[in-house]
Amino acid sequence: MEVKRIESNGFEELWVNMGPQHPASHGVFRMQIKVDGEVIKEVIPHIGYLHRGVEKLGEFLTPVQFLPVLDRNDYLSSVSNEFPFALAIEKLANISVPERAEYLRVIAAELMRISSHLVFFGTFCLDMGGALGGGSTIFLYAFREREKILDILEKWTGSRMHLNLITFGGVRYDIYPGFDKDLKDFLKDFENKIKEYEDMIENNPVFLARTKKVGILPKEIAMEHGCSGPVLRGSGIKFDLRKAKPYSVYNKFEFEIPSFPDGDVYSRYKVRLMEMKESIKILRQAIDGIPSGPINSLMPLKVKTHIKLKEGEVYEAVESPRGENGVYIVSDGKFGLYRVKLRTPTFYNLSVIPYLLKGALIADVVAILGSLDPVFGDVDR
Amino acid sequence: MVKALYITLKNLFRKPVTVMYPDKKREMPKRMRSPLFALTKDEDGIIKCIACKLCENICPSNVIKVLPSKEKNEKGRPYPEEYELNLSACLACEYCVQVCPDDAIVMIRIFGWATKNKEDLILKKEKLLENYEKYKDLISECTGEFLRKMQTPRRQN
Amino acid sequence: MNALINSLIYGIIILLIVFTIVAYLTWIERKFAGRMQSRIGPYYVGKPHGWLQPIADVLKLILKEEITPKNVDKLIYNLAPFAVLTPSLLLFAVLPFSEKIIISNSSVGILIFLAISSIIIIGGFMAGWASNSKYPLISAIRGGAQIVSYEIPLLFSIIVPCLLAGSLNPLEIVKKQKIWFILYPFVGQISFLIFLISGLAEENRTPFDIPEAESELVAGYTVEYSSMKFAMFYAGEYAHLLALSGLGTILFLGGWKGPFLPGPIWFIIKSIILFLILLWIRWSYLRIRIDQLLKFSWKFLFPVSVLNLLLTGLIVILR
Amino acid sequence: MKEIIEELKNRFKIYEKDNFLIFEKDKLKEIFSFLKEKGFNFLSFITAVHYKDRFEIVYSLRNINLNEIVFLKTNINENDEIESLCEIYKGANWMEREIYDMFGIKFKNHPDLRRILLPDDYEGHPLRKDFRIDAPYKTLR
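Everything numeric here is computed off the predicted structure, so don't read it as measured data. (Residues numbered from 1 in each chain as written. Chains lettered and ligands numbered in written order. Predicted model: local features only at pLDDT ≥ 70, side-chain atom pairs only at ≥ 80, totals over all residues. Heavy atoms only, no water.)

Draft legend 1. Spotlight on the overall build of chain B. Scanning chain B for helices and strands turns up five helices and five strands. When the helices and strands of chain B are listed from N to C terminus, the series reads α-β-α-β-β-α-β-β-α-α. A globule of 157 residues ought to have a C-alpha radius of gyration of about 15 Å, yet chain B, at 21 Å, is considerably larger. Along the three orthogonal principal directions, the C-alpha set of chain B runs to about 80 × 50 × 30 Å. Considering chain B as a whole, with its 157 residues, one finds that 48% of them fall into the buried category. Total accessible area on chain B is roughly 8,400 Å²; 60% of this is exposed by carbon and sulfur atoms. (Helix = DSSP H or I, 4+ residues; strand = E, 2+ residues; numbered from the N terminus. Rg over C-alpha atoms; globule rule 2.2 N^0.38 Å. Buried < 20%, exposed > 50% of the residue type's maximum accessible area, 1.4 Å probe, protein only. Areas by Shrake-Rupley, 256 points an atom, 1.4 Å probe, with all protein chains shown as cover.)

Draft legend 2. Molecular detail of the interface of chain B and chain C. Taken residue by residue, the interface counts 15 residues in chain B and 13 residues in chain C. Taken together, the two surfaces of chain B and chain C that pack against each other cover about 1,300 Å², and 71% of this comes from carbon and sulfur. Counting across the interface, chain B meets chain C through zero salt bridges. For the side of chain B that touches chain C, the class distribution of residues is eleven nonpolar, three polar and one charged. (Contact = heavy atoms within 4.5 Å. Buried area = accessible area lost by both parts, 1.4 Å probe. Salt bridge = Lys/Arg side-chain N within 4 Å of Asp/Glu carboxyl O. Nonpolar A, V, L, I, M, F, W, Y, C, P; charged D, E, K, R; others polar.)

Draft legend 3. Just the interface of chain A and chain B, in detail. Between chain A and chain B, the residue contacts involve 47 residues of the former and 36 residues of the latter. Here chain A meets chain B over a buried area of about 3,600 Å², counting both sides, of which 55% is carbon and sulfur. On the surface where chain A and chain B come into contact, there are two salt bridges. Among the salt bridges present, the one from B:Arg14 reaches A:Glu196, with a minimum N-O distance of 2.6 Å.

Draft legend 4. Representation of the sheet that holds strand E2 (residues 64–72) of chain B within the structure. Residues and elements named next belong to chain B. If you trace the three strands from one edge of the open sheet to the other, you get E2-E3-E5, paired in antiparallel fashion. Across the chains shown, the open sheet's two edge strands, defined by having one partner strand only, are E2 and strand E5 (122–123). Pairing of strand E3 (residues 78–86) with E5, which is carried by two bridges, proceeds in the antiparallel orientation. Note on E5: the bridge partner recorded for Asn86 is Ile122. (Pairing = 2+ DSSP bridges.)

Draft legend 5. Quick peek at the arrangement of the chains. The interface with the most contacts, out of four pairs of chains in contact, is the one formed by chains A and B. Between chain B and chain D there is no contact, and the shortest C-alpha to C-alpha distance separating them is 16 Å. Of all C-alpha pairs spanning chain C and chain D, none lies closer than 25 Å, and the two are not in contact.

Draft legend 6. Region of interest: the confidence of the model for chain D. Mean pLDDT for chain D: 85, with 95% of residues reaching 70 or above. Predicted complex, confidence summary: ipTM 0.87, pTM 0.90. (pLDDT = per-residue confidence, 0-100.)

Draft legend 7. Expanded view of the side chain of C:Ser271. All names here are of chain C. Summarising the element assignment, Ser271 is placed in helix H11 (residues 263–282). Taking the relative accessible area as the measure of exposure, Ser271 reaches 4% and is therefore buried. The contact partners of Ser271, leaving out residues within four places of it in the chain, are Ser245, Gly246 and Thr249.

Draft legend 8. Highlighting the packing of aromatic side chains. Residues and elements named next belong to chain A. Applying the stated criterion across every chain, the model contains 42 aromatic pairs over all chains. A centroid spacing of 5.9 Å and a plane angle of 55 degrees characterise the contact between Phe85 and Phe168, whose relative ring orientation is tilted. On the criterion of sequence distance, the pair formed by Phe85 in helix H3 (residues 79–92) and Phe168 in the loop between strand E5 (166–167) and strand E6 (170–171) is long-range, its members being 83 residues apart. For the pair formed by Phe85 and Phe168, the shared burial category is buried. (Phe/Tyr/Trp six-rings, centres within 6.5 Å; stacked < 30°, edge-to-face > 60°.)

Draft legend 9. Fine view of the packing of H3(A) against helix H4 (residues 99–129) of chain A. Residues and elements named next belong to chain A. At a minimum axis distance of 9 Å, the contact between H3 and H4 shows a crossing angle of 150 degrees. Taken together, the axes of H3 and H4 lie roughly antiparallel to each other. Here Val79, Phe83, Ala86, Leu87 and Glu90 of H3 come into contact with H4, specifically with Arg105, Ala108, Ala109 and Met112. Counted by class, the contact of H3 with H4 contains seven nonpolar, no polar and two charged residues. (Axes fitted to C-alpha atoms, helices over the stretch in contact; angles between N-to-C directions. Parallel < 35°, antiparallel > 145°, perpendicular 65-115°, else oblique.)

Draft legend 10. Region of interest: a nonpolar patch on the surface. Residues and elements named next belong to chain C. Taken together, the side chains of Trp51, Leu52, Ile55, Val58, Leu59, Ile62, Leu63 and Met228 define a hydrophobic patch exposed on the protein surface, amounting to about 730 Å² of accessible area. No other element matches helix H2 (residues 53–63), which puts five residues into the nonpolar patch. Within the secondary structure, Ile55 is located in helix H2. By relative accessible area, Ile55 is classed as partly exposed at 42%. (Patch = residues over 30% accessible without salt bridge, like charges linked within 9 Å, V, L, I, M, F, W, Y side chains within 5 Å.)

Draft legend 11. Spatial organisation of the state of the cysteines. Per the stated rule, a full pass over the model turns up zero disulfides over all chains. Left unpaired, B:Cys59 is separated from the closest cysteine sulfur, that of B:Cys93, by 6.1 Å. (Disulfide = S-S within 2.5 Å.)

Draft legend 12. Seen up close, the sheet that holds strand E3 (residues 42–50) of chain D. Residues and elements named next belong to chain D. An order of E1-E2-E5-E4-E3 is seen for the five strands of this open sheet, with the pairing classed as mixed. Taken across any chain shown, the strands that pair with only one partner, and hence form the sheet edges, are strand E1 (15–17) and E3. Within the sheet, the average angular offset between the axes of one strand and its neighbour, ignoring direction, is 25 degrees. With three bridges connecting them, strand E2 (residues 20–22) and strand E5 (residues 68–77) associate as parallel partners. In the sheet register, Ile22 faces E5, and the bridge partner there is Lys73. The sheet contacts of helix H3 (residues 92–103) involve E3 and strand E4 (54–63), and relative to E3 the element is tilted by about 10 degrees.

Draft legend 13. Layout of the pattern of salt bridges. Applying the stated criterion across every chain, the model contains 61 salt bridges over all chains. Of the charged contacts, one joins A:Asp288 and A:Lys184 as a salt bridge, the two residues approaching to 3.5 Å between their closest N and O atoms. Taken together, the residues A:Asp288 in helix H11 (residues 265–289) and A:Lys184 in helix H6 (residues 179–201) connect sequence positions 104 residues apart. According to the relative accessible area criterion, A:Asp288 is exposed, its value standing at 53%. We classify A:Lys184 as partly exposed; its relative accessible area is 39%. For B:Arg77, the salt bridge identified is with B:Asp42, shortest N-O distance 3.4 Å. Here the residue B:Arg77 occupies a position in the loop between E2 and E3, and B:Asp42 occupies one in the loop between strand E1 (37–39) and helix H2 (54–58), the gap between them amounting to 35 residues. When its relative accessible area of 9% is taken as the criterion, B:Asp42 is described as buried. Where salt bridges share partners, they join A:Glu110, A:Arg113, A:Arg233, A:Asp240, A:Arg242, A:Glu275 and A:Glu319 into one cluster.

Draft legend 14. Expanded view of helix H2 (residues 63–71) of chain A. The element H2(A) is largely enclosed, with a buried count of nine among its nine residues. Residues A:Pro63, A:Val64, A:Gln65, A:Phe66, A:Leu67, A:Pro68, A:Val69, A:Leu70 and A:Asp71 constitute the buried set of H2(A). Considering only its buried residues, H2(A) is in contact with helix H1 (54–58), H3, E5 and strand E9 (339–343) of chain A together with H2 and helix H3 (95–99) of chain B.

Draft legend 15. Inspection of unusual backbone geometry at higher detail. Despite not being glycine, A:Asp373 shows a phi value in the positive range, around 50 degrees. For A:Asp373, the position within the fold is in the loop between helix H14 (362–372) and helix H15 (376–380). With a phi close to 30 degrees, D:Asn109 is a non-glycine residue in the positive phi region. Residue position: D:Asn109 is located in the segment after strand E7 (107–108). The exposed category is assigned to D:Asn109, whose relative accessible area is 51%.

As structure tokens, this is what we get:
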């Protein structure tokens, strides 16, 4: 950790280096912060530590092989990475998707949204509360609930985080017999657990003092930087792709889009908590209304050139727990993809950090960074 | 202010959820997809794999290498001279199991399998057959046949 | 002469008792916190419920390798752990375990207690300054600012029971407590609450554990210490906490008075219950930011404790 | 939405090819400030595609209240520059830095155009078609 002292008009400004291995940096992200006492003057963020060149890989792998690789982008909600890619390829090669498969995709996406928001909720309180205090209590509660989701997903698809569930034309795994009973039990139990979290956090002046009026993100800056998802809805803009451009079967379910006007850390946290409640509603309607029938419109894949693409360009986006997760494909008619642009939400949500942190205190850096809920597989692609 | 205390108190009297892992093993789900493989044998002990290289073709991180041998085995079926699967780069995406025409390569439902050095991660043919002997009953429910039956687009219940 | 020998023997006995209690306090805390977080806490060391865990911890800390960083201010660096541990143990000299068992029966016991407990801040400062690296320095400054600003409300909340009992001698205070001071209407409750809050802040426990705020300052001023020295800090913190909860039982919960159990047992039970309450608060709340913490102390806690003191003064006069 | 596109067409030389608006690169500033007044203030993404000898830069804007999305494209050849969008959309800063990092396209008067994802001393731009992937890269120190 090198310290450069800058002599400017007499008193020293200290470059503190919140390095890539900092306990509160949610992954590999380095910030050089110029500090004057406790107040932050300037922030230089460094990203790219987890850059794996997924877009270059997309040009060599065939679409079928690229799907499991895409799971690893936003590793907290792997389904919402495969979803846009599948939608885009299905549009290009006009493959239809049976009704039951659409329902299964929505169920998996909403389950993963809850599990990803639980990870946010746990690590957010852990950062603010400290590992030897109230923070770790809430962290453990959140992960106790998340374990139940991961068990259901493991029984269904065989793996907990990287499901590799979606394939072109439908879904690869059908739900196991006792699925809806497990899901219903989990939802019922999870509903009063959320009430418990709210009681524990909401009217707790310590939490409110640390999150209200901290890290205010105005509407215009959020829109210009392309922030989407809970970060945008936290600043008062009710924009959610599930409602704005209903893909798959989202138009069959009614649910609200929470949004809060004042754009501080508290409202971003509250949006995510309300979204968990909305996801419960969607899951209930989905599991009740799921039709029977085939889960795939194409024969099971045999060879890697399973899908032939005609020439063309397409952009499809999906509402992932972190925002608009889109895929822009240029295909040149042969089997591979000429260019794959992954519009992952956290890269744009994170670009407001220099704006948010100017003038904040050191203790707030943790809360603000936590409220953006960054996942660095997403940022560095 | 007091609600938080009430909740921690309530949790004080709830049963803790920790599973004492070394003593009590976790019950593995039937379709578990953990990256450990085995080459299956049919009833009279001959390897089922016919070295058709479909799995080598489909694998996203092409970790499978199949070297078909010239002659046929007793049953008149081709068999792989050399079958190598490098686990260090395997994504556990189960494509190879799905495309295998006669369920030769299958996944094993085992958790916490580890090796001391990197070379052991490259599973040779003997190792894969030996795995089959060792974990015969732990084979995952998702064999190639099962997956294809589930995915074929015909009416289901 | 024999008073000296008498208090010497008592001193050694109490020291041993305190050390074992302090060791087992860590075990109680980990078990209690575990159950609150729906997990089990130490289980493997010492089969039934990990009761050998404290001994294992002590052995581990002793056997660990001593690392002293290069450009460290040698003298202060080595002195700091003692400046934290010895005052915390000295505090027990004043606390009466029961009618007869008290090491130094002085008429200004409470005053001595407060005087000794402020030496600990200096220990923290010495540790932070001697480590000569940025993070411990910041956390030492913050720790100092926090403890100083909570010293005054603690003081006023302690004077209230002394006023009610009319003396500074812990023995008199306990004797005068026909009804426990906590049950004293209005005044008793408030001063107990203030005592609890500033006691927590005094001891850097959540929600006030700013010095070891890992997310920003990576484990506070003890970050450069290892093995034996760190064990001293660790033991000092728990001894201080036990001493504070001991003081709380004397002032508010009627010391060793209790129906049929002998004196010292009651004292230990009550102080451990008070310790559990402090723990309970620690594992339920998040951490306050440093400026809010100081604002809370000066703007809210200080005026309330002054008013409370005036009120008790009024009551004492009218009685 | 239709009339906005019509107005765009007749004010600037733009033609439409399967819902992509293709414009000249020197009209960039006027087009985007015009679109910004019309309410397209959500800059979704900027990306580039490398064809034989030319680059194609794709912009995507969203209008939240009209719930509309518009894609714009422009072509620049091998090594000439293009105006930066940072004055109109502050968010373009990171997006253009990423394109520079991956393709080597320089953006005129961009606040600080340097590599964002790759280490600063990295030679070559990976997403170009002529990027040799089998050349052994010197191991990072």
